[in-house]
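# Examining the three-dimensional arrangement
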Amino acid sequence: MRIREVTLRELRMKLVAPFETSAERTEERRIILTEVVADGAIGWGECVAGEKPFYSPETTDTAWIVMRDFLWPMIRRKEIGAAADVWGLLEQVRGHNMAKAALEAAIWDAEAKQKGAPLGKLLGGSREEISSGVSIGIKDSLDELAAAVRKELSAGYQRIKIKVKPGKELPQVKRLREEFPGIKLMVDANSAYRMEDWPLLKQLEGFYLMMIEQPLGWDDLYAHVELQKKLDTPICLDECIHSEQQARAAILLGACKIINIKLGRVGGYYVAKRIHDLCEQNGMPVWCGGMLESGIGRAHNIALSTLPNFTLPGDVSASRRYWDQDIIEPDVTVSAQGTIHVPTGPGIGFEPRRDRIEKLTVRKERLV
Ligand code: OSB
Ligand code: MG
């Protein structure tokens, strides 16, 4: 397979409602799409870097530059056996995983299309549907939060994750447990706590949460090891797991009991699969995280979630929770049982809507 050209597009997409974490509030996404031409096939990818470096060091702007000036020259017109070889070609660049993943995932889509296979199948996945959960941002009031949870449960979602921050967590969780004692409930702190806050996190244990996601420093495995020793509730790591090596260390040191895998954060499918396999061998369940993706990134998350060790509901939910008009055909929808049907067509299995993509594009560069 030879990669002939890549087109980068930056899209501005306004969320249906602002999304707030302990770290930032997002109203409009600046999303980079990658369109690769490999032999005859076209593959699509999405860069999940944020507008600001508040989740990871990457941003939309750094990803654009790194893709254009460093990553593209490393794969340009190279004859490669398969998409699985791309990670190795990009390895000389340190970090910039979201930029790498945006190119690598598009090449996987192209390879799957060339072979006429659904991307999940090419990856080694076999699920026909995946379990869907939601991530609910921080709200102004407890009533608003409870209303949001009620709405998502009636739509069928299998588990509820809420964003928390210091001082808000106990009232939030207490309120939800009063109204929804039996649901699968978890919290995501996006690194808002310090080790000294552990007694507060200990108090959350009375509410039998499924897990607490990334409570401490974004790159601090050691602190999570110490915290996990004090808590019975499983810690799930997100931000900390940005490489296979970090995943191995987290598992062997006992920094967590669950891992959230995001394609962008780990640099694409090659590493995501290796982390998935490593977790499976060590009896650690994984689930697929989300990054407020457009339909393209969402379609990739669905393909990744078909792998066997994705045994917990992920943050991959319906298009309409994010966008008035998504950029794929059909939209991603969720069944009344809280599942997403995995498409059976080649590649990501959803068709990019070029008319909408063109309208939302604010910059475009064709790399040859
Ligand atoms: O920590 O999982 C996170 C969104 C942006 C950045 C980080 C995170 C999130 C989410 C939203 O939780 C997941 C989604 O619905 O896409
Ligand atoms: Mg998270």
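Quick note: structure is the one above.
What you see is a predicted model, and the numbers here were worked out from it, not measured in a lab.

Closest axis-to-axis distance for the helix α3 (residues 97-115)/helix α11 (residues 269-281) pair is 9 Å, and the angle between their directions is 90°. Relative to α11, the element α3 lies roughly perpendicular. Counted together, Glu-104, Ala-105 and Trp-108 of α3 and Tyr-269, Tyr-270 and Lys-273 of α11 form the full contact between these two elements. Tallied by class, the residues present in the contact of α3 with α11 amount to four nonpolar, no polar and two charged.

Moving on: the site of ligand 1. Among the 15 residues in the neighbourhood of ligand 1, the closest are listed as Ser-135, Lys-163, Asn-190, Leu-292 and Tyr-322. Here an oxygen atom of ligand 1 and a side-chain polar atom of Asp-188 are 3.0 Å apart. Note that an oxygen atom of ligand 1 is positioned 3.3 Å from one of the backbone N or O atoms of Met-291. By residue class, the composition of the shell around ligand 1 is five nonpolar, three polar and seven charged.

Looking now at the sheet that holds strand β11 (residues 286-288). The seven strands lie next to each other as β5-β6-β7-β8-β9-β10-β11, forming an open sheet whose pairing is parallel. Two strands close off the open sheet at either side, each with one partner strand: β5 (133-136) and β11. As judged from the two bridges shared by strand β7 (residues 184-188) and strand β8 (residues 212-213), these two strands associate in the parallel manner. Each residue of the ladder has a partner; that of Asp-188, found in β8, is Glu-213.

What counts and what doesn't
- Residues numbered from 1 in each chain as written.
- Chains lettered and ligands numbered in written order.
- Predicted model: local features only at pLDDT ≥ 70, side-chain atom pairs only at ≥ 80, totals over all residues.
- Heavy atoms only, no water.
- Axes fitted to C-alpha atoms, helices over the stretch in contact; angles between N-to-C directions.
- Helix = DSSP H or I, 4+ residues; strand = E, 2+ residues; numbered from the N terminus.
- Parallel < 35°, antiparallel > 145°, perpendicular 65-115°, else oblique.
- Contact = heavy atoms within 4.5 Å.
- Nonpolar A, V, L, I, M, F, W, Y, C, P; charged D, E, K, R; others polar.
- Near = heavy atom within 4 Å.
- Polar contact = N/O pair within 3.5 Å; in protein donor to acceptor, adjacent residues only side chain to side chain.
- Pairing = 2+ DSSP bridges.

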